[in-house]
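So you can see what is in the structure, the chains are spelled out below.
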Amino acid sequence: MNIIVIVKHVPDLVEELEIAEDGKDLNRDFLKFVVNEFDDQALEQALLLKEKGGGTITAVALDAPEIDQTLFTCLAKGADKAVKIVGDLEGRVTSHAAAHMLADALKAMSHDLILTGVQSAEDLDGQVGPLLATYLGEPHVSVVTGVEARGQMVVVRQEYAGGVTGEFEVDLPAVLGIQAAPQPPRYAPISRVRATMKEKKLVEIQAAAADGAGLNVRQMVRPQVASHAEMIEGNTDTVVERIVGIMAERGLMNG
Amino acid sequence: MPVKGVKQAPIVVEKDSVTVRGIELKGQWNRMFEPRVIDDYDLTHLDRVAALSGGESIEFCYQCGKCVPVCPVDVVGNYGPRKIVRKLQLGVDLTEDADLWLCTTCMNCLRVCPKEVDMIKIMPAVREQAILDGKFVPPELQKTFENIARYGNPQGESPRKRADWAKEAGVPVPIMASVKRPVDVLLYVGSYPSYHPRGKDAARAMARVLTALGVDFAILGHEEKEDGDSVRLAGEKGLYETLADSTIKTLAKYRFNRIVVFGPHEYNAFKNVYPKFAAENGLAWDYAILHYTQFLAERLDQLTPLLKKPIEITTTFHDPCYLGRHNGEYDAPRRLLAAIPGVTLVEMGRSRENGYCCGGGGGGMWLDSFAGGHQKMRLSERRVQEAVEYGASLLSVCCPYEVSRFEDGVKSTGNDGKLIVRDIIEMIDEAMRAE
Amino acid sequence: MANDAVLIIGGGPAGLEAARGVAGLGARAILVERRNNLGGAPINERYAALTHGFRDAEEVMNEIIAEVTSEALIDVRLGYSVAAVAGSAGDFTVTLAKEGNGHSDVVNVGAIIVATGFQHFDPGRETQMYGYYEFDDVITLQDSERMLKDRNWVRPSNGESPKRVCFIQCVGSRDRHIGNEYCSKVCCGIASKQAIEIRQQVPDCRVFIFYIDMRMYGYWENEIYWPAQEKYKVQYVKGIVTEILKKGDKLLVRGEDTTMGRPVEVTMDVVVLSNGMEPSAGTKEMARVLGLKQNKYGFIEVPHDALNPTATSVPGIFVSGAAAGPRDLDDSVGTGGAAAMKAVSLARKLARGDLQLANASR
Amino acid sequence: MGNVLVVVEQLNGKTGEITFEMLGKGRELASALGGELHALVIGGQADELGIADKVWVMGDGALAHYTSANHKAALVAAISAISPRVTLIGNTSIGMDLAAGASAATGIPLIAYCNALRVEGGQVVGTSQIYGGKVLAEVAPEDGACIVSVLAGAFPASAGRSDKTPVLETLAPPALDNRVRFVRLIEPEAADVDITKAAVVVSVGRGIQSADNIELADGLADALGGVVGASRPVTDAGWLPKSRQVGKSGLRVKPKLYLALGISGAPEHLEGMKDSGLIIAINQDASAPIFDVAHYGVVGDLFEIVPALTEKIKG
């Protein structure tokens, strides 16, 4: 099975995020980027499928700061090929635009399955997977926690709230939004990543022009976060009274 | 009489299930409990370990068993270097065995080994191979590697916040990049004093003590990264090399007379490991390295008059493996403790050269859950019990791994209220706070 | 007539050294060897390399033999055995019989040195469960020595190169059942030495040594045991083998792996039995002819009431080498020299009248 | 026209809570836009949807089981037929399938992860919670219409319930897209509690002192309709199964309410719960780091406070 894994860089949430002066985007000057954690799960799922049934894996990413390192890490983990889509990609790329550019690039790449992370931290205008699937005219399943290849289809599990899981047969080619692979994403030792950088090259593809999401960002703000708990003083009755009051205020008393 | 005729070999049957203490064990699990017949000495894996650079001495073992009683892990589980060698001889693949991740590289086995079977080299080499082969790496360790690779610290905290602890030190803590002049002491803080809540307490105490002594010091601030020695010992050599390269190049930008380190692991890295790496890579590395206890012990004349507030307590001292056994420094911390008025030092049975291990070395710091699943209790818990048994009310330490490990151990062993844990620098800081 | 000539019985390493020693002291030596050649076990059993030093046994022995045969003071009598002895210290009259033709000689000597050596334990004997006479591929240390010397270390059953070989230690030694309660002292070293040689000659053959405890005296530890393990990757398994069974064309070795506390059933291509030492037929016969006390194992008894390892129960008769019990080459040669010194010195004292026979020290 | 269409989410024949949350908000939006509130049922039943002015019912047995391909096709057909100004879809597993796909297929912009919606000068303005909740982005569609995927719990469900009988209208289903075929639903194992899914987690740490005391937390969790979680020392001690462990090496939880009882707040633990909606911590030690992430804190004896609290909640 030939699998394409879409890999995306998102701002690292470990760092403090600052809003740009115009209030419409993050201040991108000092942002650190990391690979979207669900994309890591998607790659792991792809590697497991390849280990079991053979085939190839191509990691595809839109250009972003430090994306090369991430693509080489994909190769070090077992991807066969890594493609970087380059072009005018400054600032936040909307999910719609990203999906357009990916769809344009992927049309030319033969594939059976496209795996994406189910979502990312900056999917303001929706998740890339279903957008991409629609542009490509392929079926899509989100929140997938299990994939099994079976001839020209896959059997997938989709997770719902409360632990209920749906099982589906999906004809290929298809796009899946991976929530979790059956095992934690594997580790790529640094020395192997470095060796991969010497041995392999990234394939670059020019990005197609793409429309945005059709949304105006009016402003971005940071939510108020209390830095320290508000301490509740008093005897047991007072404390209990106050806690119940707080919970009731937030509609938490009905369970 | 000689054997006559040809006997048939008995057929060894693995039982479908066996009942051990009322629990039924199916299939292969009963092998764990039944004295299963050894039907092969498959040396493939032993040969593979011996072929690794650093793994050669695995074959030196002649099964004398001296290592087992001093192995801190064997005290809390069925483990020990001799047993690992035997398992290898029996065909166990160490790269897939839980034992691989239990060694804390404390070096007590090597200290007593007549054949110099060097687990401090063997274990990291095999771990590296396991990681390169894509074998199971405990997820918590994997996460730590990723954190260190990405953020330069095991906690996965923002590198920009590395010096945030200093804001509440109560004294100015200069940062090398800002002072723009040579300083006497470069204080290498380390990740735990930089980020861990209890580590930060110690870091702040350190800043106050150095200031009180009038030491001209500065820290690297956000330019500082994990030293990588424990990363190396945990098997991620490539990451260690990246960190060493980065730290060596960062330090090369500045002028200072000596490096004072908080942690024994940094001490070991800078003193014993970095010089070799620098030489192999054409980098300069020629610094005076001091553990903070050594630096302060050299200044006892100056320090002692400042220690005015007595701390009336019976303490015992836990020798860090990487300050003691690995680097031979046993006295500096004890001299500092002796200088604090009111403090009575009692020695535990396992101390100095035979000091027990807190379980944090060699990557153990990042394998707590995994190791916990293969041991009766944590090494830190065993040590806490020993401290209490010897009548100490305070367990003093001087390795940033240890305060949190032992404080957890105090709670989990039900010794809350019986034993407190303090870094020596915290005790000095407190003793300086005269009325 | 008192004289300082010394009769040495046995032309192996101990006897040769005794002869050299006697001649070196300026006394006459008569070296009697029943066989038609000198050299003893290293030559007759066709040993490969010797300990220490791993030098070729034949080469080393030939050097010593050449020295002895070219020495004018040494009278080498090949093909002779001692038929009778009369007299006492300082004045022994010994009848030497030429093997086969009935010819005999009478010699007069002041002292006698017995250097009649040992023989290898016969592993087919009594309770041994190792199938030495049943299975071609179960061999002894001396069988192995011969193959090493010929540089043709193969499976005797089919001539093929073996892949897995093990040694079983303490065969015929340390065994009350068999009657040999003593440690044969050399087998651990010899097995380890052979293991090294097998690894040198057949590099892809893995060698295991099953042992109760490794007895690697003195420098054997660092010269043989450690290199065997560290350089030649010989696998030592603590635990002794109880029996060997046939399994297909392999041998199934059954025992206990005592450090693991588990039974062992592993297949081997060749099993080498590290068979111990017993007194040779010549030793037992000489004890009878010379009237020497033997210990319960048949070795010539050395009364240990003084620091005198070459003494026997009869004044003027000394013992050297493995005739007195398990000894390695160093000890055999060492006691050969010591016996020479003791023999010549006693004979001369008696000849000079410095000493009365009654007070003759052993 | 300013109609609001709520896409009804039903699984296993049950209408999800999110539907009522959207209906309540949809009612408010429809009024502000001067339009009607419509609900769309794909292959399901239209009970309980009385608050809507009109319920569109599409499909029959063929759409009875949710499949992403068929339901997306149905939704796209419905949007074309109804032309709502605002389409509200739950940001659930199902909504993630549908919302973005419908946006791509119809060209109508999508506001995802929405936790606030209002009408301002005739225009719909939504707030999208992005970057792990660290940023709130206020956005408006460039043109009139929009699709909104709504975060669960963003709006009260009570506002979306009504006893009225809705007006039903049938919509013709689209051509089926059978590339995704339903096989079965797998229910979770009854014995195992999934603490990651619970709205209320009552977590205990070392301060609980013994396995026997865990029933205190059970009582409180029962009263709140929540589940009991734990910090590592408690699961390590075997007082609770590993499946209850909150933290870096356990599970990450994000309930609406997290009650931390006797948990000092090791970083390993904080990492697993700090994003909870409301955190209330009770601990003896005033300097416990748990108070750095908690919204409210009590320094006190949990053995006194917890039973009293449980009593009070039970009323």
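Because the structure is a prediction, the values reported are computed rather than measured.

Cut-offs applied
Just so you know, the residues in each chain are numbered from 1, in the order the chain's sequence is written. The naming scheme follows written order: chains are lettered A onward, ligands numbered 1 onward. pLDDT decides what is reported in this predicted model: residues at 70 or higher carry local features, side-chain atom pairs at 80 or more are listed and counted, and totals for whole chains, interfaces and linings draw on all residues regardless. Side-chain metrics rest on all non-hydrogen atoms present in the structure, leaving aside hydrogens and water. Each helix corresponds to a stretch of at least 4 residues labelled H or I by DSSP, and each strand to a stretch of at least 2 residues labelled E; elements are numbered beginning at the N terminus. With C-alpha atoms as the basis for the radius of gyration, the globule rule is written as 2.2 Å multiplied by the number of residues raised to the power 0.38. Using a 1.4 Å probe on the protein chains alone, a residue whose accessible area is under 20% of its type maximum counts as buried, one over 50% counts as exposed, and one in between counts as partly exposed. The method behind every accessible area is Shrake-Rupley, applied with a 1.4 Å probe, and residues are considered shielded solely by the protein chains displayed. Lys and Arg are tallied as positive, Asp and Glu as negative. Neither His nor the chain termini are counted. A charge is said to be at NZ when it belongs to Lys, at CZ for Arg, at CG for Asp and at CD for Glu. With axes taken as lines fitted to C-alpha atoms, and helix axes fitted only over the stretch in contact, angles between N-to-C directions fall between 0 and 180 degrees. Here is the rule for angles: anything less than 35 degrees is roughly parallel, anything more than 145 is roughly antiparallel, 65 through 115 is roughly perpendicular, and the remaining ranges are oblique. Residues are treated as being in contact if the distance between any of their heavy atoms lies within 4.5 Å. Lys, Arg, Asp and Glu make up the charged group, whereas Ala, Val, Leu, Ile, Met, Phe, Trp, Tyr, Cys and Pro make up the nonpolar group; the residues left over, Gly among them, are polar. Sulfur atoms of two cysteines make up a disulfide when they are within 2.5 Å. The term buried area refers to how much accessible surface (probe radius 1.4 Å) is lost by two components on association, counted for both of them together. Any Lys or Arg side-chain nitrogen located within 4 Å of an Asp or Glu carboxyl oxygen qualifies as a salt bridge. Between N or O atoms, a polar contact is any pair within 3.5 Å; within protein, one atom must be a potential hydrogen donor and the other a potential acceptor, and residues adjacent in sequence are included only when both atoms are from side chains. Between any two strands, pairing holds if DSSP finds at least two bridges. We call Phe, Tyr and Trp rings a pair once their centres come within 6.5 Å, taking the six-membered ring for Trp, and we label the pair stacked below 30 degrees between planes, edge-to-face above 60, and tilted otherwise. Charges are assigned to positions over rings by a cutoff of 6 Å between ring centre and Lys NZ or Arg CZ, combined with an angular limit of 35 degrees from the ring normal. By nonpolar core we mean a set of buried residues, namely Ala, Val, Leu, Ile, Met, Phe, Trp, Tyr and Cys, connected to one another through side-chain atoms within 4.5 Å. Segmentation of the chain into domains, including their bounds, is taken from an automatic or database domain assignment. Per-residue confidence from the predictor is reported as pLDDT, a score between 0 and 100.

**As for the overall build of chain B**
Okay, so step 1: For chain B, the helix and strand inventory stands at 20 helices and ten strands.
Okay, so step 2: Relative to its length of 435 residues, chain B is compact, with a C-alpha radius of gyration of 24 Å against a globular reference of 22 Å.
Okay, so step 3: Classification of the 435 residues of chain B by burial places 60% in the buried group.
Okay, so step 4: Accessible area of chain B: about 17,000 Å², with a carbon and sulfur share of 50%.
Okay, so step 5: Taken as two groups, the 56 positive and 59 negative side-chain charges of chain B have centres that lie 1 Å from each other.

**Section: the packing of helix H2 (residues 67-77) of chain A against helix H5 (residues 190-199) of chain A**
Residues and elements named next belong to chain A.
Okay, so step 1: Running from N to C, H2 and H5 cross one another at 105°; their axes reach a closest spacing of 8 Å. Relative to H5, H2 is oriented roughly perpendicular. Packed against H2, whose contacting residues are Gln69, Phe72, Thr73, Leu75 and Ala76, the element H5 presents Arg192, Val193, Thr196 and Met197 at the interface.
Okay, so step 2: Of the residues in the contact of H2 with H5, the class split is five nonpolar, three polar and one charged.

**Quick word on the state of the cysteines**
Okay, so step 1: Counted under the stated rule, the structure contains zero disulfides over all chains.
Okay, so step 2: The thiol of B:Cys398 is unpaired, and the distance to the nearest cysteine sulfur, on B:Cys399, comes to 7.3 Å.
Okay, so step 3: There is no disulfide at D:Cys114, and the cysteine sulfur nearest it, in D:Cys146, is 8.6 Å away.
Okay, so step 4: Under the relative-accessibility criterion, D:Cys114 is labelled buried at 0%.

**Brief notes about the interface of chain A and chain D**
Okay, so step 1: Each partner contributes to the interface: chain A provides 78 residues, whereas chain D provides 72 residues.
Okay, so step 2: Both sides together, the interface formed by chain A and chain D hides about 6,500 Å², and carbon and sulfur atoms give 60% of it.
Okay, so step 3: Our count for the contact surface shared by chain A and chain D stands at six salt bridges.
Okay, so step 4: At the junction of chain A and chain D, the tally comes to 33 residue pairs in polar contact (both at pLDDT 80 or more).
Okay, so step 5: For the side of chain A that touches chain D, the secondary-structure elements that each account for two or more residues are helix H4 (128-136), strand E7 (140-150), strand E8 (153-159), strand E9 (165-171), strand E12 (215-221), strand E13 (230-231) and helix H6 (236-249) of chain A.
Okay, so step 6: No other element matches H6(A), which puts nine residues into the side of chain A that touches chain D.
Okay, so step 7: Tallied by class, residues from the side of chain A that touches chain D come to 39 nonpolar, 21 polar and 18 charged.
Okay, so step 8: Examined bridge by bridge, E13(A) and strand E17 (residues 296-299) of chain D share two bridges and lie parallel to one another. Counterpart to A:Met231 in the pairing with E17(D) is D:Gly297.

**Considerations on the pattern of salt bridges**
Okay, so step 1: Going through the model one piece at a time under the given rule, you end up with 91 salt bridges over all chains.
Okay, so step 2: Here B:Glu168 makes a salt bridge to B:Arg204, at a shortest N to O gap of 3.9 Å. On the criterion of sequence distance, the pair formed by B:Glu168 in the loop between helix H7 (139-151) and helix H8 (176-179) and B:Arg204 in helix H10 (residues 197-212) is long-range, its members being 36 residues apart.
Okay, so step 3: Across the salt bridge formed by C:Lys193 and C:Glu145, the nearest N and O atoms sit 2.7 Å from each other. Here C:Lys193 is found in helix H5 (residues 187-201), whereas its partner C:Glu145 is found in helix H4 (residues 141-149), with 48 residues between them in sequence. Considered together, C:Lys193 and C:Glu145 belong to a single accessibility category, that of buried residues.
Okay, so step 4: The network of salt bridges with common partners includes B:Glu168, B:Arg198, B:Asp201, B:Arg204, B:Glu407, B:Arg422 and B:Glu426.

**Brief notes about the environment of A:Met231**
Residue and element names in this part refer to chain A.
Okay, so step 1: Structurally, the position occupied by Met231 is in strand E13.
Okay, so step 2: Among the residues examined, Met231 registers a relative accessible area of 26% and is labelled partly exposed.
Okay, so step 3: Distance in space between the C-alpha atoms of Met231 and Gly126 is 39 Å, their sequence separation being 105 residues.

**Remarks on the packing of aromatic side chains**
Okay, so step 1: Enumeration over the complete set of coordinates arrives at 22 aromatic pairs over all chains.
Okay, so step 2: Joined through ring pairs, the aromatic side chains of B:Tyr188, B:Tyr240, B:Phe256, B:Phe270, B:Tyr274, B:Phe277, B:Trp285 and B:Tyr287 make up one cluster.
Okay, so step 3: Positioned above the aromatic ring of B:Tyr240 is the side chain of B:Arg232, whose terminal nitrogen or guanidinium carbon lies 5.9 Å from the ring centre.
Okay, so step 4: The side chain of D:Arg161 reaches across the aromatic face of D:Phe20, ending 4.2 Å from its centre.

**Here we look at the nonpolar core**
Okay, so step 1: Membership of the largest hydrophobic core comes to 154 residues, with the highest contact counts inside it found for B:Ile259, B:Leu296, B:Leu303, B:Ile428, C:Phe210, C:Ile244 and C:Val271.
Okay, so step 2: Considering every element that reaches this core, the biggest residue donor is helix H6 (residues 119-132) of chain B, with eight residues.
Okay, so step 3: Apart from residues lying up to four places away in sequence, B:Leu296 is in contact with B:Val209, B:Leu213, B:Leu303, B:Leu336, B:Ile425 and B:Ile428.
Okay, so step 4: Among the nonpolar cores identified, the runner-up in size contains 93 residues, and A:Ile57, A:Leu102, D:Ile79 and D:Ile89 belong to it.

**Comments concerning the side chain of C:Gln142**
Okay, so step 1: By the secondary structure assignment, C:Gln142 is in helix H4.
Okay, so step 2: When its relative accessible area of 11% is taken as the criterion, C:Gln142 is described as buried.

**Considerations on the domain arrangement of chain B**
Residues and elements named next belong to chain B.
Okay, so step 1: Taken domain by domain, chain B consists of domain 1 (44-132), domain 2 (139-297) and domain 3 (302-432).
Okay, so step 2: If you average the C-alpha positions of domain 2 and of domain 3, the two centres end up 22 Å apart.
Okay, so step 3: In this assembly, 37 residues from domain 2 lie in contact with 39 residues from domain 3.
Okay, so step 4: Counting each side, the surface lost to burial between domain 2 and domain 3 is near 3,100 Å², with a carbon and sulfur contribution of 66%.
Okay, so step 5: Summed over the three residues of domain 2 that lose the most area to domain 3, namely Glu140, Tyr192 and Arg198, the buried surface amounts to 20% of that side.
Okay, so step 6: Summed over the shared surface of domain 2 and domain 3, the number is three salt bridges.
Okay, so step 7: Among the ionic pairs, Arg198 bridges to Glu426, the shortest N-O distance being 2.9 Å.
Okay, so step 8: Linking domain 2 to domain 3 there are 16 residue pairs in polar contact (both at pLDDT 80 or more).

**Concerning the sheet that holds strand E16 (residues 278-283) of chain D**
Strand pairing in a sheet is mediated by backbone hydrogen bonds. Such pairs are either parallel or antiparallel.
Okay, so step 1: If you walk across this open sheet you meet the six strands as E13(A)-E17(D)-E16(D)-E15(D)-E13(D)-E14(D), and the pairing is parallel. Only two strands of the sheet have a single partner each, and these edge strands are E13 of chain A together with strand E14 (227-230) of chain D.
Okay, so step 2: Across five bridges, the pairing between strand E15 (residues 257-261) of chain D and E16(D) is parallel. Looking at E16(D), one finds that D:Leu259 is bridged to D:Ile280.

**What to know about unusual backbone geometry**
Okay, so step 1: Across the junction of A:Leu172 and A:Pro173, the peptide omega takes the value -5°, indicating a cis bond.
Okay, so step 2: You can see A:Pro173 is positioned in the loop between E9 and strand E10 (174-178).
Okay, so step 3: Despite not being glycine, B:Lys180 has its phi angle at roughly 55°, a positive value.
Okay, so step 4: Tracing the backbone through its elements, the reader meets B:Lys180 in the loop between H8 and strand E3 (183-188).
Okay, so step 5: For B:Lys180, a relative accessible area of 70% gives the class exposed.
Okay, so step 6: Even without being glycine, D:Ser83 reaches a positive phi, approximately 50°.

**A look at the confidence of the model for chain B**
All names here are of chain B.
Okay, so step 1: On average, residues of chain B score 91 in pLDDT, and 92% of them are at 70 or above.
Okay, so step 2: The low-confidence segment residues 1-14, where pLDDT is below 50, has 30 contacts with residues more than four positions distant or belonging to other chains.
Okay, so step 3: Predicted confidence for residues 27-31 stays below pLDDT 50, and this span has twelve contacts to residues more than four positions away or in other chains.

**Side note on the sheet that holds strand E4 (residues 80-88) of chain C**
Residues and elements named next belong to chain C.
Okay, so step 1: The strand order across the open sheet built from three strands is E4-E5-E6, with neighbouring strands paired in antiparallel fashion. Both edges of this open sheet fall to E4 and strand E6 (104-109), since each of them pairs with a single strand only. Here the average twist between neighbouring strands, direction ignored, is 20°.
Okay, so step 2: Across eight bridges, E4 lies against strand E5 (residues 91-98) in antiparallel orientation. By the bridge assignment, Val85 is partnered in E5 with Val94.

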